[in-house]
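In case you want the letters, here they are:
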Amino acid sequence: MKPRVRRTVEDIVTLSERLLQRGLHVRINAGGQSMYPYLRPGDQLEVEPAKLQDLKPGDIVVFRRNETLIAHRLHRLEGSGEALTGVSIGDSGVWQDEPLKPEMVPGRVVARIRNGGHKSLRTPQALRYGRLMVRLYPLPQLAAQFRLRVGRVFRRAGNLMRWLRVN
């Protein structure tokens, strides 16, 4: 009988970072609502190796927070050389992430796979959309937050209606 090898989330995140550092692309699953509606839970994200200094505002940067890889939109770069930091915010978030240091960023999202469909996020149209999201901040975030909250209200109302019919 083969011994079972158990992998933790930490192991998978570390392996993904190492593959990116070696110049390989990786795919990660999106979770959470922070980039809604552009990225949704269950989407697969293709990530290519990238250095912070090579990224531009509007790119979706991947960085590590605790045991998780996070994909958020880069809003700006500050400083230069060793003092370079990046500022990122989720499309439906209202707060900036902690300042990104070059060693925190192994890559950027270059494609999204949803329901079997592959969409490149490096096309001129996708790049323009990313820059527009940065310029219009915080309006897209407020709209996404509103949409999420309205959806929650309708789901709760539907649950209540089903409950009332049963009782």
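Residue numbers restart at each chain and count upward from 1, following the sequence in its written direction. A pLDDT threshold of at least 70 governs which residues receive local features in this predicted model, and a stricter bar of 80 or more applies before side-chain atom pairs are shown or counted, although totals over entire chains, interfaces and linings include all residues. The side-chain values count all of the structure's non-hydrogen atoms but skip hydrogen atoms and water molecules.

In this section: the overall build of the protein. On a plain count of helices and strands, the protein comes out with three helices and seven strands. Going from N to C terminus, the protein has its helices and strands arranged as α-β-β-β-β-β-β-β-α-α. Over its C-alpha atoms, taken along the principal directions, the protein stretches across nearly 65 × 60 × 30 Å. All accessibility values rest on the Shrake-Rupley procedure with a 1.4 Å probe; residue burial counts only the protein chains present in the view. Of the roughly 11,000 Å² of accessible surface on the protein, 55% is carried by carbon and sulfur atoms. Numbering of helices and strands starts at the N terminus; helices are DSSP runs of H or I of at least 4 residues and strands are runs of E of at least 2.

Attention now goes to the layout of surface pockets. In this approach a probe as big as a water molecule rolls over the atoms, and the regions it shows empty are the leftover space. Volume-wise, the largest pocket comes out at about 350 Å³. When contributions to the lining of the largest pocket are tallied by element, the ones reaching two or more residues are helix 1 (9–21), strand 1 (26–29) and strand 4 (68–78). Points on a 1 Å grid over protein atoms alone make up a cavity when a 1.4 Å probe fits among them but cannot get out, and a pocket when they form an open set with protein on both sides within 12 Å along at least five of seven lines; lining residues each have an atom within 4 Å of a point. Grid points are joined across faces, edges and corners, and a volume is the space filled by probe spheres set on the points. Quantified by volume, the second largest pocket comes out at close to 260 Å³. Around the second largest pocket, the lining comprises 13 residues; the ones closest to its centre are Gln 21, Ala 50, Pro 102, Val 105 and Pro 106. With three residues, the single largest contributor to the lining of the second largest pocket is helix 1. Classes in brief: Ala, Val, Leu, Ile, Met, Phe, Trp, Tyr, Cys and Pro nonpolar; Asp, Glu, Lys and Arg charged; the others, Gly included, polar. Residues that form the lining of the second largest pocket fall into these classes: eight nonpolar, two polar and three charged.

Salt bridge criterion: a side-chain nitrogen from Lys or Arg within 4 Å of a carboxyl oxygen from Asp or Glu. This structure, assessed with the given rule, holds nine salt bridges. Glu 10 is paired through a salt bridge with Arg 64; the nearest N and O atoms lie 2.4 Å apart. With Glu 10 in helix 1 and Arg 64 in strand 3 (residues 60–65), this pair connects stretches of sequence that are 54 residues apart. Among the ionic pairs, Arg 122 bridges to Asp 59, the shortest N-O distance being 2.8 Å. With Arg 122 in the loop between strand 7 (117–120) and helix 2 (124–135) and Asp 59 in the loop between strand 2 (44–49) and strand 3, this pair connects stretches of sequence that are 63 residues apart. In this structure Arg 122 comes out as partly exposed when scored by relative accessible area, which is 29%. Because the salt bridges share partners, they merge into one network encompassing Glu 48, Asp 59, Arg 108 and Arg 122. Each residue gets one of three labels from its accessible area relative to the maximum for its type: buried under 20%, exposed over 50%, partly exposed in between, using a 1.4 Å probe on protein chains only.

Note on ring pairs: Phe, Tyr and Trp rings are taken, using the six-membered ring of Trp, and paired if centres are within 6.5 Å. Classes follow the plane angle, with under 30 degrees stacked, over 60 edge-to-face and the rest tilted. Scanning all chains against the criterion turns up one aromatic pair. Considering the side-chain rings of Tyr 38 and Tyr 129, the 4.8 Å spacing of their centres and the 15° angle between planes classify their relative orientation as stacked. Highlighted residues: Tyr 38 in the loop between strand 1 and strand 2 and Tyr 129 in helix 2, separated in sequence by 91 residues. On the basis of relative accessibility, which here comes to 30%, the residue Tyr 129 falls in the partly exposed class. Any Lys NZ or Arg CZ that is within 6 Å of a ring centre and within 35 degrees of that ring's normal is treated as a charge sitting over the ring. The ring centre of Tyr 38 lies 5.2 Å from the NZ or CZ of Arg 73, which sits over that ring. Over the face of the ring belonging to Tyr 38 we find Arg 112, whose NZ or CZ atom lies 5.7 Å from the ring centre.

A separate point is a nonpolar patch on the surface. A contiguous nonpolar patch, built from Val 94, Trp 95, Leu 132, Leu 136, Leu 139 and Leu 142 and spanning about 620 Å² of accessible area, is present on the exposed surface. Within the element layout of this structure, Trp 95 appears in the loop between strand 5 (85–89) and strand 6 (107–114). The patches described consist of residues with a relative accessible area above 30% and no salt bridge, like charges being joined within 9 Å and nonpolar side chains (Val, Leu, Ile, Met, Phe, Trp, Tyr) within 5 Å.

With that settled, the discussion passes to empty space enclosed by the protein. Applying the stated criterion across every chain, the model contains one cavity of 30 Å³ or more. When its volume is computed, the largest cavity comes out at roughly 60 Å³. Split into classes, the residues belonging to the lining of the largest cavity amount to six nonpolar, one polar and three charged.

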